[in-house]
Amino acid sequence: MKNPIVAVALSGGVDSLISGYLLKQRYKNVFGLHFITGYEKGPTDLRFLEDQLGFPVSCIDLSKVFEKKIVQYFIHTYLEGKTPNPCIICNKEIKFGELLKTAQNMGADFLATGHYATVVNQISCPDKKISNCYLEKGTDPLKDQSYFLSLLSSDQLEKIIFPLAGKTKKQVKQIAGANHLEPAHPSESQDICFIHDNNFSCFIQEKQGIKPQHGHIIDMNKKIIGQHKGLHQFTIGQRRGINCPAKEPYYVKNIDMKNNVLQVCFKKDLSLKTLKIAQINWNFSYKKIIPDIVTKIRYGHKGAISTLTLNGSCGEVVFDKPQNAITPGQAAVFYKDARVLGAGIIQ
């Protein structure tokens, strides 16, 4: 494609700002998109971004679809006793779903963002130009965001540009300083953008209008050792808020929504060697059993050697060594070296 039209998602932060700046150096036809979710603390000065970048920036209201596909998903998953990762779903459904469609309707061939990750376009059939795009880790190990992008399909990746691929956060800040570029929002974005005070339980109570249901806390022997004030306040592996005195700290082992019971354990009992997954997005040659791959069970997890057994859209992971706090609702992401093989939701 000789002169592609590229849309860049601009949040107002330094990463997307520099992405826009780099795109402008490479492509003739660039425009910006700033989408709103309805949970912003305040407006973003789009004129400030336009003046620095030299291309127009449009504001796109995605608040209704964001509420339906992300916020309600988050709430309902929590109320099922699971711990969702809304950022992963947002990337799939909103940024590279709804926003990508909007960009294409506005004439864009590609959508760019300020993520730290790499898209590899592998031509599998040169004569017909059939490509199989896949994802790799970003260069900066401290900022790699491939985990959050792991549910993107090959078709989505084919329409995506990550200008920060190959760059570190330090380099991005240096580019900003050297070119006198200032973000509209200097502070880094938080993990869950629609919960400003990081209080999940209060957010769910207010949104759903529910009253906390008190219930029993039991230990590994099913002995009642205390009372909880609502299961939506807990997640697997959590230590705080249990408030049951013991010889060592308790951790959440299981959340039984049906019987309104919280089961706790000591740290040594928190590890598991096996997990089941569903809703798998697989982007590698299909084999029933895939040994010696690295599985990450949450963003902060270093990853562990494991064997994956696939069965359609479901599967089972067996780790070489037990892993702590395997949490239903979170994503399990599979790697071979830098390549993302796929991902699924932990059951």
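Because the structure is predicted, anything quoted here is derived from the model rather than measured.

Draft legend 1. Examining the overall build of the chain more closely. Assigned secondary structure in the chain consists of 7 helices and 17 strands. Principal-axis analysis of the C-alpha atoms gives the chain an extent of 70 × 45 × 35 Å. The proportion of buried residues among the 347 residues of the chain is 49%. Within the chain, one finds 44 positive and 30 negative side-chain charges whose respective centroids are separated by 5 Å.

Draft legend 2. Molecular detail of helix 4 (residues 86–105). Residue Leu99 marks the point of greatest curvature in helix 4, where the axis turns by about 30 degrees. A positive backbone phi angle near 105 degrees is found at Gly107, which sits one or two residues after helix 4.

Draft legend 3. Summary view of empty space enclosed by the protein. For the coordinates displayed, the defined rule picks out 1 cavity of 30 Å³ or more. Considered as a void within the structure, the largest cavity measures approximately 50 Å³ in volume. Ranked by residues supplied to the lining of the largest cavity, first place goes to strand 17 (residues 339–346) with 3 residues. Residue composition of the lining of the largest cavity, grouped by class: 6 nonpolar, 4 polar and no charged.

Draft legend 4. Molecular detail of the sheet that holds strand 10 (residues 251–256). Within the open sheet, the 4 strands sit side by side as 9-8-11-10. Their pairing is mixed. Lying at the two open borders of the sheet, with one neighbouring strand each, are strand 9 (224–228) and strand 10. Within the sheet, the average angular offset between the axes of one strand and its neighbour, ignoring direction, is 30 degrees. Of the pairings in the sheet, the one linking strand 8 (residues 215–218) to strand 9 comprises 4 bridges and is antiparallel in character. Along strand 9, the bridge assignment pairs Ile217 with Gly226.

Draft legend 5. The arrangement of the nonpolar core in detail. With 47 residues, the main nonpolar core has Phe66, Phe74, Ile94, Leu99, Leu111, Phe194 and Phe203 as its most contacted residues. When residues of this core are traced back to their parent elements, those giving at least two are strand 1 (5–9), strand 2 (29–36), helix 3 (63–79), helix 4, strand 6 (130–137), helix 7 (200–208), strand 16 (331–336) and strand 17. In terms of residue count, the dominant contributor to this core is helix 4 (8 residues). Among residues more than four places away in sequence, those in contact with Leu111 are Ala7, Val8, Ala9, Lys95, Phe96, Leu99, Leu100, Ala103, Lys159, Ile160 and Ile161. Of all hydrophobic cores here, the second largest spans 24 residues; its members include Leu17, Tyr21, Leu23 and Ile175.

Draft legend 6. How the structure looks around the packing of aromatic side chains. All chains considered together, the criterion is met by 17 aromatic pairs. Considering the side-chain rings of Phe74 and Phe203, the 6.4 Å spacing of their centres and the 70 degrees angle between planes classify their relative orientation as edge-to-face. One end of the pair, Phe74, is in helix 3; the other, Phe203, is in helix 7, and 129 residues separate them in sequence. Exposure class is identical for Phe74 and Phe203. Each is buried. Pairwise contacts between aromatic rings join Tyr39, Phe66, Phe74, Tyr78, Phe194, Phe200 and Phe203 into one cluster. Between Arg339 and the ring centre of Tyr134, over which it is positioned, the NZ or CZ distance is 3.7 Å.

Draft legend 7. Region of interest: the side chain of Ser306. Relative to the helices and strands, Ser306 resides in strand 14 (residues 304–311). In contact with Ser306, other than residues within four places in its own chain, are Ile290, Pro291, Asp292, Ile293, Val294, Thr295, Val317, Val318, Phe319 and Asp320.

Draft legend 8. Spotlight on the environment of Tyr78. In this fold, Tyr78 is placed in helix 3. A C-alpha to C-alpha distance of 10.0 Å links Tyr78 and Pro328, two positions 250 residues apart in sequence. When neighbours within four sequence positions are excluded, Tyr78 is seen to be in contact with Thr83, Pro84, Phe200, Ile204, His232, Phe234 and Thr235.

Draft legend 9. Quick look at the sheet that holds strand 2. What the 5 strands build is an open sheet, ordered 3-2-1-4-7; its pairing is parallel. Of all strands in the sheet, those bounded by a partner on one side alone are strand 3 (57–61) and strand 7 (160–161). Pairing of strand 2 with strand 3 involves 5 bridges; the strand directions are parallel. Counterpart to Ile36 in the pairing with strand 3 is Asp61. Helix 1 (residues 14–26) contacts strand 1, strand 2, strand 4 (110–112) and strand 7 of the sheet and is inclined by roughly 165 degrees relative to strand 1. Helix-sheet contacts for helix 4 involve strand 1, strand 2, strand 3, strand 4 and strand 7, and the interaxial angle to strand 2 is about 130 degrees.

Draft legend 10. Main features of helix 1. The terminal C-alpha atoms of helix 1, which comprises 13 residues, lie 19 Å apart, in line with the 18 Å expected from a rise of 1.5 Å per residue. Inspection of helix 1 places Val14, Asp15, Ser16, Leu17, Ile18, Ser19, Gly20, Tyr21 and Leu23 among the buried residues, and these make up the whole buried set. In the core, the buried residues of helix 1 are packed alongside strand 1, strand 2, helix 2 (46–53), strand 4, strand 7 and helix 6 (169–178).

Draft legend 11. The arrangement of the confidence of the model for the chain in detail. Here the chain averages 93 in pLDDT, while 96% of its residues score no lower than 70. Here residues 124–130 is a poorly scored stretch, pLDDT under 50, and it has 4 contacts once near neighbours within four places are set aside; other chains count.

So, how was this worked out
Residues numbered from 1 in each chain as written. Predicted model: local features only at pLDDT ≥ 70, side-chain atom pairs only at ≥ 80, totals over all residues. Heavy atoms only, no water. Helix = DSSP H or I, 4+ residues; strand = E, 2+ residues; numbered from the N terminus. Buried < 20%, exposed > 50% of the residue type's maximum accessible area, 1.4 Å probe, protein only. Lys, Arg positive; Asp, Glu negative; His and termini not counted. Charge placed at Lys NZ, Arg CZ, Asp CG, Glu CD. Bend = angle between axes of the 7 residues up to and from the residue. 1 Å grid on protein atoms, 1.4 Å probe; cavity = no way out; pocket = protein on both sides within 12 Å on 5 of 7 lines; lining within 4 Å. Points joined across faces, edges and corners; volume = space filled by probe spheres on them. Nonpolar A, V, L, I, M, F, W, Y, C, P; charged D, E, K, R; others polar. Pairing = 2+ DSSP bridges. Axes fitted to C-alpha atoms, helices over the stretch in contact; angles between N-to-C directions. Core = buried A, V, L, I, M, F, W, Y, C linked by side-chain atoms within 4.5 Å. Contact = heavy atoms within 4.5 Å. Phe/Tyr/Trp six-rings, centres within 6.5 Å; stacked < 30°, edge-to-face > 60°. Lys NZ or Arg CZ within 6 Å of the ring centre and 35° of its normal. Expected span 1.5 Å × (residues − 1). pLDDT = per-residue confidence, 0-100.

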